[in-house]
Amino acid sequence: MGAWVVSSSVISPLGFTSEENYSKIKQQISGLSKISDATLSVNPFFAGHIATLHSSSAHTKFEIMCRKAAEVALNKINLDPSRTLYILSTTKGNIELLKTVVGNAERLALHVTAKWLASEAGFQNYLVVSNACISGVLALIVGKRFLDAEKYDHVVVVGADVLSQFVVAGFESLHALSSESCKPFDADRKGVNLGEAAAAVVLSSKPKALGVLPSIKITGGGLSNDANHISGPSRTGIELGLAVRQALKEAQKSSTAIDFISAHGTATLFNDEMEAKAFHALGMGNIPVHSLKGYFGHTLGAAGVVETIMSVHSLLNNEVLASKGFDKLGVSVPINICKELIKKPLTTSLKTASGFGGCNAAIILQKESYSL
């Protein structure tokens, strides 16, 4: 039993497979660039933009990205549709349909989009997880719980969001966007970069039936809420710490067993400070930490899925990725931000996420041997 990771894919400015994305990040190549597009904003901004994919006469860019991510992850895997759940993780989904008649306008509703995408992938059972920026990590936790409850044997989690005028304007109104490439946890950080991506993870409690020999599984998950502010996180990090403690408890691990942390790390003043306080209070101040926002930007509903996939590859390759954009610590407590790629034996990692409304999520990934 367990939520084993049997396949994955990432569609981003860095490439269209998980392996290609991981390879680029190892080389510290960023997918961020300066965007000057009046249809998104009258002001130039830095973001992760997939310039080679566009809406068609029948389908939106969001739909095309989701379908492609699922197709790549499901290639050569034959899942029983009756025992498989499709979960769509997104914050805005087909938001571009607000401005165009491309595709079916009914699919502006997230559940309608999810049903259609699941059907396109060959599944009838579907679910939407949309809880701000923890959506991706939360979707993985939900998938694990369905597997643990033996409601399904397999879960396909697809996380995606695209750049849109709606999203860009929202972050501009909060004065949260950086005018340059973001610098998570750095003393000179100026805010977040947005990004667009689609990623898919196939989880299974019965990989033997698929003829797959996985070596990474999700062993614990935790959730909490600050109840602090609609857009501002807790100032103490206590609530994120609670989510991490829940995840550790379920995984039956101590905080010292974590080999590295993939933080949310948005490069905003308050998020990075809150996360640092949480890690420090948990006794994780010496554990290597990175944020991948300097490579992808903040991909919203895709972020937790994309960054978890990169953690899977890190564990498999015994490498801790560098946190791009970091130079000098800019938080009030000491934490160990990775400036360069670290090669060392790895078995366990922590992935965290925090979002608007004060939501927090954490999962534990464990490298174990699995035999047929």
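All figures in this text were calculated on a predicted structure; none of them were measured in a lab.

**Q** Got a minute to help me understand the pattern of salt bridges in this structure?
**A** Any two side chains of opposite charge can pair, on the condition that their charged atoms come close. For the structure shown, the criterion picks out 18 salt bridges. Residue Glu273 is joined to Lys277 by a salt bridge in which the shortest nitrogen-to-oxygen separation is 3.7 Å. With Glu273 and Lys277 both in helix α7 (residues 269-281) and 4 residues apart, the pair spans about one turn of that helix. The class for Glu273 is buried, based on a relative accessible area of 16%. The salt bridge partner of Asp327 is Lys339, with a shortest N-O separation of 3.7 Å. One end of the pair, Asp327, is in the loop between β12 (319-320) and β13 (336-337); the other, Lys339, is in the loop between β13 and β14 (342-343), and 12 residues separate them in sequence. Salt bridges here are not isolated pairs; linked through shared partners, they connect Lys26, Glu319 and Lys343.

**Q** Hey, could you run me through the packing of aromatic side chains in this one?
**A** Evaluated as defined, the whole model comprises 2 aromatic pairs. Centre to centre, the rings of Phe146 and Tyr152 are 5.7 Å apart; their planes meet at 65°, and the pair counts as edge-to-face. By relative accessible area, Phe146 is classed as partly exposed at 27%. Over the face of the ring belonging to Trp116 we find Arg107, whose NZ or CZ atom lies 4.1 Å from the ring centre.

**Q** Looking at this structure, I do not really get the pairing of strand β8 (residues 197-204). What am I missing?
**A** Side-chain positions along a regular strand alternate between the two faces of the sheet. Burial runs high along β8: 8 of the 8 residues are buried. Neither face of β8 is left uncovered, since the one carrying Ala197, Ala199, Val201 and Leu203 and the one carrying Ala198, Ala200, Val202 and Ser204 both have all their residues buried. Here 7 bridges tie strand β1 (residues 3-11) to β8, and the two strands are oriented antiparallel to one another. Bridging across to β8, Ser8 finds its partner in Val201. As paired elements, strand β6 (residues 154-161) and β8 share 8 bridges and run antiparallel to each other.

**Q** Even after reading the chapter, I still don't get the nonpolar core, so can you show me in this structure?
**A** In terms of nonpolar packing, the biggest core is built from 47 residues, with Ile25, Ile87, Leu203, Phe296 and Met310 touching the most fellow members. Residue contributions to this core peak at 7 residues, all from helix α4 (residues 135-148). Sequence-distant contacts of Phe296, that is, excluding residues within four places in its chain, are made with Val10, Ser12, Leu14, Asn21, Ile25, Leu32, Gly48, Leu194, Gly195, Val306 and Met310. Grouped together as the second largest cluster of nonpolar side chains are 30 residues, Ala69, Leu74, Ala160 and Leu210 included.

**Q** How do you make sense of a nonpolar patch on the surface when you look at a structure like this?
**A** On the surface, a cluster of nonpolar side chains totalling about 280 Å² of accessible area is made up of Leu98, Leu108 and Phe166. Turning to its location among the elements, Leu108 is positioned in the loop between β4 (84-89) and α3 (110-121). By relative accessible area, which is 32% here, Leu108 ends up partly exposed.

**Q** Is there a simple way to think about unusual backbone geometry in this case?
**A** When glycine is set aside, most residues are seen to have a negative phi, and most peptide bonds are trans. Residue Phe185 is not a glycine yet carries a positive backbone phi of 65°. Of note, Phe185 is situated in the loop between α5 (165-173) and β7 (194-195). Even without a glycine there, the phi angle at Leu300 is positive, about 55°. Secondary-structure assignment places Leu300 in the loop between α8 (293-296) and α9 (303-317). For Leu300, a relative accessible area of 5% gives the class buried.

**Q** Please clarify how α7 should be interpreted in this entry.
**A** Residue pairs spaced three or four apart in an α-helix point in one direction, given the helix's 3.6 residues per turn. For α7, which comprises 13 residues, the first-to-last C-alpha distance of 19 Å matches the rise-based estimate of 18 Å (1.5 Å per residue) to within 8%. Inspection of α7 places Asn271, Asp272, Glu273, Met274, Glu275, Ala276, Ala278 and Phe279 among the buried residues, and these make up the whole buried set. The inward-facing, buried residues of α7 contact α6 (238-251), β10 (260-262), β11 (288-290), β15 (348-355) and β16 (359-367). Where α7 terminates, the next one or two residues include Gly283, which has phi positive at roughly 75°.

**Q** Hey, could you run me through the environment of Ser33 in this one?
**A** Secondary-structure assignment places Ser33 in strand β2 (residues 32-35). Looking at Ser33, the relative accessible area reads 31%, which means it is partly exposed. C-alpha separation for the pair Ser33 and Thr308, spaced 275 residues apart in sequence, amounts to 23 Å. Ignoring any residue separated from it by four or fewer positions in sequence, one finds Ser33 in contact with Phe45, Phe46 and Ala47.

**Q** I keep staring at the packing of α4 against α9 and nothing clicks. Help me out?
**A** The packing of two helices is summarised by the inter-axis angle and the distance between the axes. Running from amino to carboxyl end, α4 crosses α9 at an angle of 70°, the nearest separation of the two axes being 5 Å. With respect to each other, α4 and α9 are oriented roughly perpendicular. The segment α4 lies against α9, with Gly136, Val137 and Leu140 engaging Gly304, Val305 and Thr308. In terms of residue class, the contact of α4 with α9 is made up of 3 nonpolar, 3 polar and no charged.

The rules we used
- Residues numbered from 1 in each chain as written.
- Predicted model: local features only at pLDDT ≥ 70, side-chain atom pairs only at ≥ 80, totals over all residues.
- Heavy atoms only, no water.
- Salt bridge = Lys/Arg side-chain N within 4 Å of Asp/Glu carboxyl O.
- Helix = DSSP H or I, 4+ residues; strand = E, 2+ residues; numbered from the N terminus.
- Buried < 20%, exposed > 50% of the residue type's maximum accessible area, 1.4 Å probe, protein only.
- Phe/Tyr/Trp six-rings, centres within 6.5 Å; stacked < 30°, edge-to-face > 60°.
- Lys NZ or Arg CZ within 6 Å of the ring centre and 35° of its normal.
- Pairing = 2+ DSSP bridges.
- Core = buried A, V, L, I, M, F, W, Y, C linked by side-chain atoms within 4.5 Å.
- Contact = heavy atoms within 4.5 Å.
- Patch = residues over 30% accessible without salt bridge, like charges linked within 9 Å, V, L, I, M, F, W, Y side chains within 5 Å.
- Areas by Shrake-Rupley, 256 points an atom, 1.4 Å probe, with all protein chains shown as cover.
- Expected span 1.5 Å × (residues − 1).
- Axes fitted to C-alpha atoms, helices over the stretch in contact; angles between N-to-C directions.
- Parallel < 35°, antiparallel > 145°, perpendicular 65-115°, else oblique.
- Nonpolar A, V, L, I, M, F, W, Y, C, P; charged D, E, K, R; others polar.

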